[in-house]
Amino acid sequence: MIPKYRKLFNEQFTLEKYEAFKQDIADDFNYEPTFRLCETPFFISNELKTQLLEACNDVIDLIQKESFKELTNKSLELNTNVPNEDSHTTFLAIDFGICEEDGKVMPKLIEVQGFPSLYNYQNNLFEKFKKQYPFLNELTPFINNISNQEYLDLLEAIFCSNHPKENVVLLEIEPEKQNTKIDFYYCKRDIGIPIVCVTDVRKKGKELFYTNDKGEEIQIKRIYNRVIFDELDLRTDLKLNFSFSDELDVEWAGHPNWFFRISKFILPMLKGKYFIETTLLSELKKIPEDLENYVLKPLFSFSGSGVVFHVKREDIETVKEKELYILQKKVNYLPIVQSPDGNIKAEVRMLYVWKKEDNAPIPLCNLVRLSRGEMIGVKYNKDKDWVGGTIGLFEK
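Model, not experiment: these values are computed from the prediction.

Calculation notes
- Residues numbered from 1 in each chain as written.
- Predicted model: local features only at pLDDT ≥ 70, side-chain atom pairs only at ≥ 80, totals over all residues.
- Heavy atoms only, no water.
- Pairing = 2+ DSSP bridges.
- Helix = DSSP H or I, 4+ residues; strand = E, 2+ residues; numbered from the N terminus.
- 1 Å grid on protein atoms, 1.4 Å probe; cavity = no way out; pocket = protein on both sides within 12 Å on 5 of 7 lines; lining within 4 Å.
- Points joined across faces, edges and corners; volume = space filled by probe spheres on them.
- Nonpolar A, V, L, I, M, F, W, Y, C, P; charged D, E, K, R; others polar.

Caption draft 1: Looking closely at the pairing of strand β14 (residues 325-329). Bridge count between strand β12 (residues 278-280) and β14: 3 bridges; the pairing is antiparallel. Residue pairing across strands places T278 opposite Q328, the latter belonging to β14. In the sheet, strand β13 (residues 294-298) pairs with β14 via 5 bridges, with the strands oriented antiparallel. Counterpart to P298 in the pairing with β14 is Y325.

Caption draft 2: Quick look at the sheet that holds strand β1 (residues 42-44). Taking strand neighbours across the sheet as the criterion, the 3 strands line up as β1-β19-β4 in an open arrangement whose pairing is mixed. Of all the strands in the sheet, just β1 and β4 (139-140) have a single pairing partner and so form its edges. As paired strands, β1 and strand β19 (residues 392-395) are joined by 3 bridges and run parallel to one another. Note that in β19 the partner of F43 across the bridge is L393.

Caption draft 3: Representation of empty space enclosed by the protein in the model. The full count for this structure, using the stated rule, is 3 cavities of 30 Å³ or more. For the largest cavity, the calculated volume is near 50 Å³. What lines the largest cavity is E111, V112, Q113, F259, I262, S263, K264, L299, F300 and S301. Top contributing element to the lining of the largest cavity by residue count: strand β3 (residues 104-113), with 3 residues. Looking at the lining of the largest cavity residue by residue, the class counts come to 5 nonpolar, 3 polar and 2 charged. When its volume is computed, the second largest cavity comes out at roughly 40 Å³.

Take a look at the structure:
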């Protein structure tokens, strides 16, 4: 999208640099991420950046409405309702497919999540790219052109909210087995908060505790929540000593309810040039004849789970809980990234954080996924090159 930098990168790219880049990441924790690392960043022009921010603001306008909780209460009735919900989400991830409409580049909203993403991995990813391609110092992954230290300071404020770091935990289901654990490792290293499995949390009255590396029992006062309830519900083998539905004396950095409120559940509510025609199955008056132009998606799944890309009439008819699925019009992804052997599709996730006392979220960073296939997610492109997870870079 910025021809100057695309040309520079492609001229300087070598497989040796790519292998060194991957090894640099693996060396930090003696661990190689299980998802595919893309060879290239995505260079985002000022024009596309303006479009992305405008589209994000349209989403945020809906979330800021006084009636938003009332509009989304149904999402909690369909799932687990966790007590002590705060007034707004802490995290916001807004995904856009980079598409073509009427011959022009147009970002289209694919998904929105009130849930954290790879905040700690992404800034480290940029540092690794810069080692191999020093000219990238002219660019930034940060939407407000902040420094790396300012970025980390803001993350610490969001995660910890003035609590001592030993009283804040990154909570996950068997974190050592998660595809995103590289992000957890960077969070522990850069912010200094421990990584704790849900099965290692103990409850005493309304208080929660974990055992630190020294064998000391430490009270948990704030949870940086990375637990996806989809996965938790499936893991009937896990023995928890507390329940998310308990009344607990704990703060949340990412209250679980916002995962449901800000999700595909709100896509049918969004109208405008950046949004795709989306209908709840429970409100679908007639099954379209041209189903080849639609995608069927569960509302609350994660990482593309349960998506039906080639929809048939029986796929819709056999859904029993129609209030838990949407039918979404397909969009025309534009192969926009020039690789050595053809052009590649892109999806940009804009990452926001929202301080407790603020009226609006702060745009921070981004995550990009490049794809040659029908599905964008990194797990759908394992056997291809110049695809996978990467980062978008803006002009300073």
